There are 2 protein chains.
Amino acid sequence: MGSTARPSVTSRVLSILGAFDERNPRLTLSEIADTAGLPVSTAHRLLGELQAWDAVERDTDGRYVIGRRLWKVGTLAPVARELREASLPAMQDLYEATHENVQIAVREGTQALYVERIHGKSSVPVLSRPGVPLPMHATGVGKVLLAWAPREVVEEVVEGLRPITRYTITERGRMLRELATVRRVGYARTTEEMGYGTCSLAVPVQDAAGEVVASLALVTRTGRRDLAKFLPALRVASASITRRMGV
Amino acid sequence: MGSTARPSVTSRVLSILGAFDERNPRLTLSEIADTAGLPVSTAHRLLGELQAWDAVERDTDGRYVIGRRLWKVGTLAPVARELREASLPAMQDLYEATHENVQIAVREGTQALYVERIHGKSSVPVLSRPGVPLPMHATGVGKVLLAWAPREVVEEVVEGLRPITRYTITERGRMLRELATVRRVGYARTTEEMGYGTCSLAVPVQDAAGEVVASLALVTRTGRRDLAKFLPALRVASASITRRMGV
């Protein structure tokens, strides 16, 4: 296999898809070309092919959005197909018992990636949405995922603890002690570390082999509830997810 | 623009992604090459590039699965980002009132594509899952979507009414009369037309401009409930989705 200086067509197609993100879900041709680092004519041609397959669509303003067919293909990923499907019934039970946000997340590199969130009209508004990554050090699910992450991931995260609120843990030593506690007690809490007015309680979710593969959390308005009393319910829900994943 | 006899690299990449579907979410290299109509060596090279970007991943058996990054990009599609997010709180309310399956679907060509489903441990098992298409003539959401579909779509569907159970409507005239009734009364019902033991009640969901863009349904075990009594609740939920989509 020879190496080439020019990026392959495949990598150009992927760089077009990669131009879309949570903050930029609708893009013009020139924004896509810019972000993907492609000439406008190349971006235009590739977008035409992607559009013909419904991988992208045009909205009423003529801007490009991710298409329904790509969404459909994405739902086949194990994280959506297996973890999400195994989690939903237990998450529903937790939601009904609390009417708070119920979330499940996995680790993606040094971030927590939300796979599913259940919430109702009375739940406190939160930033998470399926597919959205959030920092690990400031979220309950993130602390749990970090507590069971490989050492090199922990090292990378604790070297750059960015403050998000004035309660975010930003000292390396304090975070390492907190992670040790999380491992020992089997749950993590946050109090306004990601956003003022919200706090969370999170537990690990193991796969059939006993590996921590996800974290399940309740997120509520500060002071609204004694979150600790839901720890047994969270643990029961987590065990039920593990059982369903083994199937 | 010149036309070429050989498929473009983009179309080959897309044909690889298109090889995965609900029945085949895990594929070997040769299965992918076969389905995509590519030489094994070409499929292998393109899969390598897709894997480097996390568009595909290998499972423990070495088979390919859709990757987490493609799932993440897919969640940016308006159908997931806007319709699903607008629907979830109202769907939660319906679920809590019924503990039955609550589903929302859109039309994709001549099929009903499920966008979201809420269900719990006591809900009757159903075939729908987000991203999965089901026939329109045998499902409640499908009949609603068909009742407001363009004439050419209706024509295509009623020409091929495949029986799924012995209660599936397979006569063109009867289906056309049923669709007229759905338009007039504003809801659709099915009774064991898609599967023995389940029935459904579905209403249209309009966007801010008044177009029917989706259908919301309850699916329950036959005889378990008088589904009709939930019609007002379904309509309130549908109106609340419309309001949230307008935001």
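Residues numbered from 1 in each chain as written. Chains lettered and ligands numbered in written order. Predicted model: local features only at pLDDT ≥ 70, side-chain atom pairs only at ≥ 80, totals over all residues. Heavy atoms only, no water.

S.K.: Describe in detail the domain arrangement of chain A, supporting the description with residues and values.
M.R.: Interface size, as often reported, equals the accessible area lost upon joining of the parts. Domain parsing of chain A yields domain 1 (9-73) and domain 2 (78-245). Look at where the C-alpha atoms of domain 1 of chain A and domain 2 of chain A centre, and you get two points 32 Å apart. (Domains from an automatic or database assignment.)

S.K.: Talk me through the sheet that holds strand 6 (residues 188-191) of chain A; I want residue IDs and the actual numbers.
M.R.: Residue and element names in this part refer to chain A. Spatially, 5-4-3-8-7-6 is the arrangement adopted by the six strands of the open sheet, whose pairing is antiparallel. Only two strands of the sheet have a single partner each, and these edge strands are strand 5 (133-135) and strand 6. In this sheet, neighbouring strand axes are inclined to one another by 35 degrees on average, regardless of whether the strands run parallel or antiparallel. Here strand 7 (residues 198-206) pairs with strand 8 (residues 212-221) via nine bridges, running antiparallel. Its bridge partner being in strand 8, V203 is matched across the sheet by L216. Sitting on the sheet, helix 5 (residues 78-98) touches strand 3 (101-108), strand 4 (111-118) and strand 8, and the angle it makes with strand 4 is about 60 degrees. (Pairing = 2+ DSSP bridges. Helix = DSSP H or I, 4+ residues; strand = E, 2+ residues; numbered from the N terminus. Axes fitted to C-alpha atoms, helices over the stretch in contact; angles between N-to-C directions. Contact = heavy atoms within 4.5 Å.)

S.K.: Can you lay out the relation of the copies chain A and chain B for me, pointing to particular residues and giving the numbers?
M.R.: Structural alignment of chain A on chain B gives an RMSD of 0.0 Å, achieved by rotating through 180 degrees and translating 0.0 Å along the axis. Taken together, the rotation and translation relating the two chain copies correspond to the operation of a two-fold axis. Within chain A, G74 of chain A has its C-alpha nearest the rotation axis, a separation of 2.7 Å. When the interface residues of chain A are mapped onto chain B, 100% of them again lie at the interface, so the same face is used by both copies. (Least-squares fit on C-alpha atoms with pLDDT ≥ 70 in both.)

S.K.: Could you give an account of the packing of helix 1 (residues 9-17) of chain A against helix 3 (residues 40-52) of chain B, naming the residues involved and the relevant values?
M.R.: Relative orientation of the contacting elements helix 1 of chain A and helix 3 of chain B amounts to 35 degrees, with a least axis distance of 10 Å. Crossing of helix 1 of chain A against helix 3 of chain B: the hand is right-handed. In this structure, helix 1 of chain A contributes T10, S11 and L14 of chain A to the contact, and helix 3 of chain B contributes L46, E49 and L50 of chain B. Along the lines of polarity and charge, the residues of the contact of helix 1 of chain A with helix 3 of chain B split into three nonpolar, two polar and one charged. (Left-handed = near helix turned anticlockwise from the far one by under 90°. Nonpolar A, V, L, I, M, F, W, Y, C, P; charged D, E, K, R; others polar.)

S.K.: If you had to explain the packing of aromatic side chains to someone new, which residues and values would you point to?
M.R.: As enumerated under the stated definition, the model contains two aromatic pairs over all chains in all. For the pair Y167 of chain A and Y196 of chain A, a centre-to-centre distance of 6.1 Å together with 80 degrees between the ring planes defines the contact as edge-to-face. Taken together, the residues Y167 of chain A in the loop between helix 7 (151-158) and helix 8 (172-185) and Y196 of chain A in the loop between strand 6 and strand 7 connect sequence positions 29 residues apart. Judged by relative accessible area, which is 35%, Y167 of chain A ranks as partly exposed. Overall, the relative accessible area of 48% leaves Y196 of chain A in the partly exposed class. Positioned above the aromatic ring of Y64 of chain A is the side chain of R58 of chain A, whose terminal nitrogen or guanidinium carbon lies 4.3 Å from the ring centre. Across from the ring centre of W53 of chain B, 3.9 Å away, lies the NZ or CZ of R69 of chain B, which sits over that ring. (Phe/Tyr/Trp six-rings, centres within 6.5 Å; stacked < 30°, edge-to-face > 60°. Buried < 20%, exposed > 50% of the residue type's maximum accessible area, 1.4 Å probe, protein only. Lys NZ or Arg CZ within 6 Å of the ring centre and 35° of its normal.)

S.K.: Kindly report on the interface of chain A and chain B, identifying the contributing residues and their values.
M.R.: Contact residues are listed per partner, giving 61 residues for chain A and 61 residues for chain B. Between chain A and chain B, roughly 5,400 Å² of surface is buried when both sides are summed, and carbon and sulfur atoms account for 59% of that area. Summed over the shared surface of chain A and chain B, the number is 10 salt bridges. Linking chain A to chain B there are 16 residue pairs in polar contact (both at pLDDT 80 or more). (Buried area = accessible area lost by both parts, 1.4 Å probe. Salt bridge = Lys/Arg side-chain N within 4 Å of Asp/Glu carboxyl O. Polar contact = N/O pair within 3.5 Å; in protein donor to acceptor, adjacent residues only side chain to side chain.)

S.K.: So what about the sheet that holds strand 1 (residues 26-27) of chain B? Which residues, and what values?
M.R.: Residue and element names in this part refer to chain B. The sheet built from three strands is open, its strands ordered 1-3-2 with antiparallel pairing. Two strands bound the open sheet, and with one partner strand each, they are strand 1 and strand 2 (56-58). Relative to strand 3 (residues 64-66), strand 1 runs antiparallel, the two being bridged by two bridges. What sits directly across from L27, in strand 3, is Y64.

S.K.: Provide a residue-level description of the pattern of salt bridges, including the pertinent values.
M.R.: Throughout the structure, instances matching the rule amount to 26 salt bridges over all chains. Close ionic contact of R26 of chain B with E82 of chain A constitutes a salt bridge, the shortest N to O distance being 2.5 Å. Residue R26 of chain B is located in strand 1, and its partner E82 of chain A is located in helix 5; the two belong to separate chains. One salt-bridge network, in which partners are shared between bridges, spans R84, E85, E116 and R117 of chain A together with R84, E85, E116 and R117 of chain B.

S.K.: Account for the pairing of strand 7 (residues 188-191) of chain B, naming residues and giving values.
M.R.: Residues and elements named next belong to chain B. Residue alternation in strand 7 divides its side chains into a buried set, A188 and T190, and an unburied set, R189 and T191. Inspection of the sheet shows strand 7 paired to strand 8 (residues 198-206) by four bridges, in the antiparallel sense. For A188, the partnering residue across the bridge sits in strand 8 and is A202. In textbook terms, the turn of a hairpin is the stretch between consecutive antiparallel strands, and for strand 7 and strand 8 this stretch comprises six residues, one of which, E192, has a positive phi near 55 degrees.

S.K.: If you had to explain helix 2 (residues 29-36) of chain A to someone new, which residues and values would you point to?
M.R.: Residues and elements named next belong to chain A. For helix 2, the full list of buried residues reads I32, A33 and A36. Viewed end-on, helix 2 has its buried residues packed into an arc of 100 degrees, placing them on one side of the element. Across helix 2 from its buried face, at more than 90 degrees, point the exposed residues D34 and T35. Looking at the packing, one finds that the buried side of helix 2 touches helix 1, helix 3 (40-52) and strand 2 (64-66). The first or second residue beyond helix 2 is G37, which carries a positive phi of 70 degrees. (Arc of directions from axis to C-beta.)

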